[in-house]
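Working through the structure, step by step
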Amino acid sequence: MDNQQIQDLIERFQTGECTRSELVKVQYLVHKFREDEPSGLSELELESTSEEMESAIDRELDFVVPKPKRLLDRYVRWAVMTAAGVIFMVLFVYFFKDPLHYKRFANDIGPGSNKAILVLNGGESIRLEGANIGLLARQSDTRVVKTGDGKIVYTDHPGGASIAEMNRIETPRGGNYKISLPDGTMIWLNAASTLTYPISFNGRGERRVKLSGEAYFEVSKDKTKPFLVESNGQVVEVLGTHFDVRCYADDNESRTTLLEGSVSLTTLPVGVHSLNMTGKGTVRNRVVLRPGEMAMHMVGGIRVKQVDVAGAVAWKDGGFSFRNEPMENIMKQISRWYDVEVVFENQHATHLSLGGSISKYEDLSNVLHMLELTGDVKFKLEGRKVTVF
């Protein structure tokens, strides 16, 4: 294996494209990095990969740093120098047939689940995870139904009278939910998020909703009624497309990622809101996204870059996926999904940039264990508080 082959192996691992033999090689690296942890590999597998991996990496990395005590330490140093200071982390709970024996905390915490609260226009609240399947509410000509697969579906009569009523759906920390609006638009709501929307789009010139938190949208096409998502000082406008919006109040930026179609993103001046769902506000800045692009709205304007869109919406499909993501942002996602408080005693760790993938339905111990494999952080779990050392 030469320099490029080693780099390709890591890239294939991060995107989940490794073959079984390639996964063995990656797992071997982790085994060498943490020799005090069981590797999950048989002696035969270790023997068959040991010589090839050590000789290949020795050839490529000896010119970077002196020989260290641990193989992956040397690889990390090489990765840091060849990837502009980005520290590489491997997260592989879902990639191996033979799982590792994870360190578990005494008071382990399970993952989040499908749960939310539906708040009707009149103020009535319905806890959806405990609600019966079938009709939940009838509001004018609109029916609200919970389906057998655990989502909420709105239906109305096209061409009916205009209805001013607004509902909202709220997911708690540790919850997510799926909703279908009257126009057929599908929305996946991530943890700690709120979506406010009309119970019908009849008589409206646009389809406008308001989001706090994160949601993935698959918007039904309607050239006569653009679909608008208002969130944290910005408005995303589409006719029919697939995109993700993340706009948590405790994040430093709002992110809009486009998977297909086209969207325009405009920012609103501070203090301007359109709670009545009719005004568009004054445009401060505007960009048009193409598939594969992410717009990051922060103080000072909007920045656009190419991204791995599959990683941006991995949460919708049951996973965490990080690519050069600061540890501070990673722990925010973990905090919301597992409903835990995170405290950094090691402030240096907030700036570590990591990459990898893991199922979000693993217990918290498994996720924290994978993060510890970097060798740069340790965790302590007390009740629902996670301390990062």
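Figured I'd write up the structure that's included with this text. These numbers come from a predicted model, not from an experiment.

Rules of the game
- Residues numbered from 1 in each chain as written.
- Predicted model: local features only at pLDDT ≥ 70, side-chain atom pairs only at ≥ 80, totals over all residues.
- Heavy atoms only, no water.
- Helix = DSSP H or I, 4+ residues; strand = E, 2+ residues; numbered from the N terminus.
- Expected span 1.5 Å × (residues − 1).
- Buried < 20%, exposed > 50% of the residue type's maximum accessible area, 1.4 Å probe, protein only.
- Phe/Tyr/Trp six-rings, centres within 6.5 Å; stacked < 30°, edge-to-face > 60°.
- Lys NZ or Arg CZ within 6 Å of the ring centre and 35° of its normal.
- Pairing = 2+ DSSP bridges.
- Axes fitted to C-alpha atoms, helices over the stretch in contact; angles between N-to-C directions.
- Contact = heavy atoms within 4.5 Å.

The subject of this paragraph is helix 6 (residues 327-338). Between its first and last C-alpha, helix 6 extends 16 Å over 12 residues, near the 16 Å set by a 1.5 Å rise per residue. Taking burial as the measure, the 12 residues of helix 6 include 11 buried ones, the bulk of the element. M327, N329, I330, M331, K332, Q333, I334, S335, R336, W337 and Y338 are the residues of helix 6 that are buried.

This next bit is on the packing of aromatic side chains. Inspection of the entire model under this criterion finds 7 aromatic pairs. On the basis of an interplanar angle of 85° and a centroid distance of 5.3 Å, the ring pair of Y154 and Y197 is categorised as edge-to-face. Note that Y154 is positioned in strand 6 (residues 151-155) and Y197 in strand 10 (residues 193-198), a separation of 43 residues in sequence. The pair Y154 / Y197 is uniform in exposure class, with both members buried. Plain terms: the ring middles of W188 and Y216 are 5.2 Å apart, the flat faces sit at 55° to each other, and that makes the pair tilted. Pair noted here: W188 is in strand 9 (residues 186-189) and Y216 is in strand 11 (residues 207-218), with a separation of 28 residues, a long-range link. Each member of the pair, W188 as well as Y216, is classed as buried. Above the face of the W188 ring, K316 is positioned so that its terminal group lies 4.8 Å from the ring centre. When the ring centre of W337 is taken as origin, the NZ or CZ atom of K360, which lies over that ring, is 4.1 Å away.

Spatially, 21-24-23 is the arrangement adopted by the 3 strands of the open sheet, whose pairing is mixed. A strand with exactly one partner marks an edge of an open sheet, and here the two such strands are strand 21 (341-344) and strand 23 (379-382). Along the sheet, successive strands turn relative to each other by an average axial angle of 20°, direction set aside. Here 4 bridges tie strand 23 to strand 24 (residues 385-388), and the two strands are oriented antiparallel to one another. Bridge pairing links F379 to V388 in strand 24. The sheet contacts of helix 6 involve strand 21, strand 23 and strand 24, and relative to strand 21 the element is tilted by about 160°. Sheet contacts for helix 7 (residues 364-372): strand 23 and strand 24; angle to strand 23, the most-contacted strand, approximately 160°.

Another aspect to go through is the pairing of strand 14 (residues 242-247). Two faces make up the sheet, and in a regular strand the side chains alternate between them. Of all 6 residues that make up strand 14, 6 are buried, and the element is covered over most of its length. Because side chains alternate across strand 14, one face comprises the buried residues H242, D244 and R246, and the other comprises F243, V245 and C247, equally buried. The sheet contact formed by strand 11 and strand 14 spans 6 bridges and is antiparallel. Looking across to strand 14, one finds that Y216 is bridged to D244. Across 5 bridges, the pairing between strand 14 and strand 15 (residues 254-260) is antiparallel. The partner of R246 across the bridge, within strand 15, is R255. The antiparallel hairpin formed by strand 14 and strand 15 contains 6 residues in its connecting segment.

Most of helix 7 sits out of view: 9 of its 9 residues are buried. Three or more residues of helix 7 are buried, namely L364, S365, N366, V367, L368, H369, M370, L371 and E372. Check the buried side of helix 7 and you find it contacts helix 6, strand 22 (353-359), strand 23 and strand 24.

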